[in-house]
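Overview (structure and organization)
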Amino acid sequence: MVGEERFLLRASRNTLLDVVLNDVGGTYPLTDLPLKAESDIVFYDEPAGLVLGYSQSDVKYQVYEDIEHRTPQNGTGAELILLTLPLKVQAHAFRVKAIKRYGKTLDSALLQTILITIGVNRGLEIVAEKPIITYGEKAALIIKNTQKNARYAIFFEHNAADTASMAQQIVLEDGVFPDELHIAGLKEQLPDNCKRYLLSKSKLSENGGDIKIETQYGLRENMDLKVWVFDEDTRQVGILLKTTHIAVTPNVNLPATWYSLANNEDINKSGAVNYSGKVGIRLQQTQQSANYIICLGDIDTDTPDKSAGELLTAMVAGTGALLDIPLPMAIKEDTLVTIRVSKPTLDLESELIATVMIAAYPDANRKFSLITEPDDDERAVIICIDDPQRGIIYQLKDVEKKKAVSEPFFYHRNQGVGHMRVSKNREGLKSKNNAASEDKWLKGQFVVGSCNPGNEPENAEVLLTLNKKNKPEAVEITATKSTTGFAVVIGVIDLKDQ
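Residues numbered from 1 in each chain as written. Predicted model: local features only at pLDDT ≥ 70, side-chain atom pairs only at ≥ 80, totals over all residues. Heavy atoms only, no water.

Things to note about the sheet that holds strand S25 (residues 323-326)
Two pairing modes exist for strands in a sheet, parallel and antiparallel, and in both the strands are linked by backbone hydrogen bonds. Overall, antiparallel pairing links the three strands, which are arranged S20-S22-S25 in an open sheet. For this open sheet the edge positions go to strand S20 (256-260) and S25, each flanked by a neighbour on one side alone. Between one strand axis and the next, the sheet turns through 30° on average, direction left out of account. Two elements, strand S22 (residues 279-283) and S25, share four bridges in a ladder whose sense is antiparallel. The residue bridging arginine 282 from the neighbouring strand is aspartate 324, located in S25. (Pairing = 2+ DSSP bridges. Helix = DSSP H or I, 4+ residues; strand = E, 2+ residues; numbered from the N terminus. Axes fitted to C-alpha atoms, helices over the stretch in contact; angles between N-to-C directions.)

Written as structure tokens, this is what we have:
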């Protein structure tokens, strides 16, 4: 309090003398007032603040160096904060000029000199070398007009509350997380559960100018990248103000399989689905920022009511991990499906490299009947299968010995070239608006069809004749897919009384 009373008493004394002397003379402002800096270090292009204690209300104060900084500020009779202009030079030595506001314009400089050091330049421009990169590609940033002898590094902020894990966002090396960015000396506060991770090594700007930094890790998701800076001379750190958004194209190398909806197994253990079975498509490592849709690649059926390229499902958003998409149709024939992936933010659509082949068992519920007729005083056994399935090999086998007892019958409905159809060619990466892109045409698949446009009569039955010698007690009717070899037993016939 002694010091405070001293300053106030002297200010009152000077005011009284100024009134008494009037035009004859005047007093100079007090020059030993306490003066300090709000902070000894100021970020680049930000003003410094000088705290002046016990300012005189009849005096105005102005910060100066080699040039004046801002217009003078009037004293308030109490503590006063004097602001400088935004600072760009690395070091400053400021003084304060005190000027009498009334009577004779007398001025004097305060005794103290305030030293201010400039921190890092946070307002640098950052340009992405490629604002859109392919899945797993590394990103590169160009930092313009860097500070000489300052280090720069790329980092990103990861929130532990996010559903996407670190591995779903960047390509980790051997599963090892990147180094965490030290927050010592940084003004910027982080939200709860959020951490900063370095994506690049620091790079020194030896002579200033532009520098390019590349991430050590490939990116798997759209990401906002930031830049950390450390000044080797002042030992100051900071984060550049600009955030750079990098967009990542869809991953077209996703593993894709089918699974059975009937038994909820990951995939049918035999490799085929039962006739008229329901299945779904399982995608691994999907992207949260991408949408997926299932399309018909090709289907070989007696009544082809669907064509290649037809959409089978609605668009489904990725989960960042596994994604199951049920198919709305029952699978009766071998079916090929393709998966398209799109990113709404990029207006880009691609087709996954993997296609899913869903093999189907033959129909085990085809009707059959037993026919016996005389043949050289012996009764021949003939089994008739009504409405047989195209592309199936039918045969009789001894139930006990599991050996064939009839010739195989391949039911193919060969109707000639006029009944052939060609599947639609698959298309590679292309944009939705058909802009020029890397289109890749893959060869089509020829599939024998039986659309029967002329409604010609067909012999829709199969006759299996049993070998009369060594006739077994019972036979089973087998149906085998000619293309995949998957087989079922349609039925068993007891021949003891035949």
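After that view of the structure, there is still more to cover.
Considering the environment of serine 12
Looking at the secondary structure, you find serine 12 in helix H1 (residues 2-21). Expressed as a C-alpha distance, the spacing of serine 12 and glutamine 56, which sit 44 residues apart in the sequence, is 9.2 Å.

Side note on the nonpolar core
For soluble globular proteins, nonpolar side chains are generally found buried alongside one another. Core analysis: the biggest nonpolar cluster contains 29 residues, and Tyr152 and Leu225 have the highest contact counts within it. Elements with a contribution of two residues or more to this core: strand S10 (126-128), strand S12 (138-146), strand S13 (150-159), strand S16 (209-218), strand S17 (223-231) and strand S19 (244-248). In terms of nonpolar packing, the next biggest core, distinct from the first, is built from 25 residues, Ala256, Ile299, Ile325 and Val356 among them. (Core = buried A, V, L, I, M, F, W, Y, C linked by side-chain atoms within 4.5 Å. Buried < 20%, exposed > 50% of the residue type's maximum accessible area, 1.4 Å probe, protein only.)

Re unusual backbone geometry
Residues other than glycine seldom take positive phi values, yet asparagine 145 does so here, at roughly 50°. Here lysine 402, not a glycine, exhibits a phi torsion of approximately 60°, which is positive. When you line up the elements, lysine 402 lands in the loop between strand S31 (392-398) and strand S32 (409-411). Given the relative accessible area of 51%, lysine 402 is considered exposed.

Regarding the sheet that holds strand S1 (residues 35-37)
Here we have three strands laid out as an open sheet, ordered S1-S3-S6, and antiparallel in their pairing. This sheet does not close on itself; its edge strands, each paired only once, are S1 and strand S6 (80-83). The average angle at which neighbouring strand axes cross in this sheet is 25°, direction not considered. Bridge count between S1 and strand S3 (residues 49-52): three bridges; the pairing is antiparallel. Across the sheet, leucine 35 pairs through a bridge with leucine 52, a residue of S3.

Points about the pattern of salt bridges
Within the structure shown, the criterion is met by 14 salt bridges. Two residues, arginine 151 and glutamate 232, come together in a salt bridge whose shortest N-O distance is 2.7 Å. Linking arginine 151 in strand S13 with glutamate 232 in the loop between S17 and strand S18 (237-239), this pair joins segments that are 81 residues apart in sequence. Since its relative accessible area comes to 26%, arginine 151 is described here as partly exposed. Where arginine 366 meets aspartate 387, a salt bridge forms, and the shortest distance between an N and an O atom there is 3.4 Å. Of the two residues, arginine 366 sits in the loop between strand S28 (356-360) and strand S29 (368-375) while aspartate 387 sits in the loop between strand S30 (378-386) and S31, which places them 21 residues apart along the sequence. (Salt bridge = Lys/Arg side-chain N within 4 Å of Asp/Glu carboxyl O.)

Notes on the packing of aromatic side chains
In this structure the tally under the stated criterion is four aromatic pairs. Aromatic pair phenylalanine 156 and tyrosine 197: ring centres 6.4 Å apart, planes at 35°, arrangement tilted. With a gap of 41 residues between them, phenylalanine 156 in strand S13 and tyrosine 197 in strand S14 (residues 194-198) connect regions that are remote in the sequence. The buried category is assigned to phenylalanine 156, whose relative accessible area is 2%. You can call tyrosine 197 buried: its relative accessible area is 10%. With a centroid separation of 6.4 Å and 85° between ring planes, the pair formed by phenylalanine 177 and tyrosine 197 is classed as edge-to-face. With phenylalanine 177 in the loop between helix H2 (166-169) and S14 and tyrosine 197 in strand S14, this residue pair connects regions lying 20 residues apart in the sequence. (Phe/Tyr/Trp six-rings, centres within 6.5 Å; stacked < 30°, edge-to-face > 60°.)

Some remarks on empty space enclosed by the protein
Evaluated as defined, the whole model comprises one cavity of 30 Å³ or more. As a volume, the largest cavity reaches approximately 40 Å³. Forming the walls of the largest cavity are Tyr61, Gln62, Val63, His69, Arg70, Thr71, Pro72, Gln73, Leu82 and Leu83. Broken down by secondary-structure element, the contributors of at least two residues to the lining of the largest cavity are strand S4 (59-64), strand S5 (68-74) and S6. For the lining of the largest cavity, the element with the most residues is S5, which contributes five residues. Considering only residue class, the lining of the largest cavity consists of five nonpolar, four polar and one charged. (1 Å grid on protein atoms, 1.4 Å probe; cavity = no way out; pocket = protein on both sides within 12 Å on 5 of 7 lines; lining within 4 Å. Points joined across faces, edges and corners; volume = space filled by probe spheres on them. Nonpolar A, V, L, I, M, F, W, Y, C, P; charged D, E, K, R; others polar.)

Some thoughts on a nonpolar patch on the surface
There is a patch of nonpolar side chains on the surface, built from Leu16, Leu17, Val20, Leu21 and Val24 and spanning about 480 Å² of accessible area. Here leucine 21 is to be found in helix H1. The exposure class of leucine 21 is partly exposed, given its relative accessible area of 32%. (Patch = residues over 30% accessible without salt bridge, like charges linked within 9 Å, V, L, I, M, F, W, Y side chains within 5 Å. Areas by Shrake-Rupley, 256 points an atom, 1.4 Å probe, with all protein chains shown as cover.)

Considering the side chain of lysine 100
Relative to the helices and strands, lysine 100 resides in strand S7 (residues 91-100). One polar contact links lysine 100 to threonine 27, side chain to side chain, over a distance of 3.4 Å. In terms of polar contacts, lysine 100 uses its side chain to reach the side chain of aspartate 58, at 3.0 Å. Beyond its immediate sequence surroundings of up to four residues, lysine 100 is in contact with Asp18, Thr27, Tyr28, Pro29, Asp58, Val59, Thr105 and Leu106. (Polar contact = N/O pair within 3.5 Å; in protein donor to acceptor, adjacent residues only side chain to side chain. Contact = heavy atoms within 4.5 Å.)

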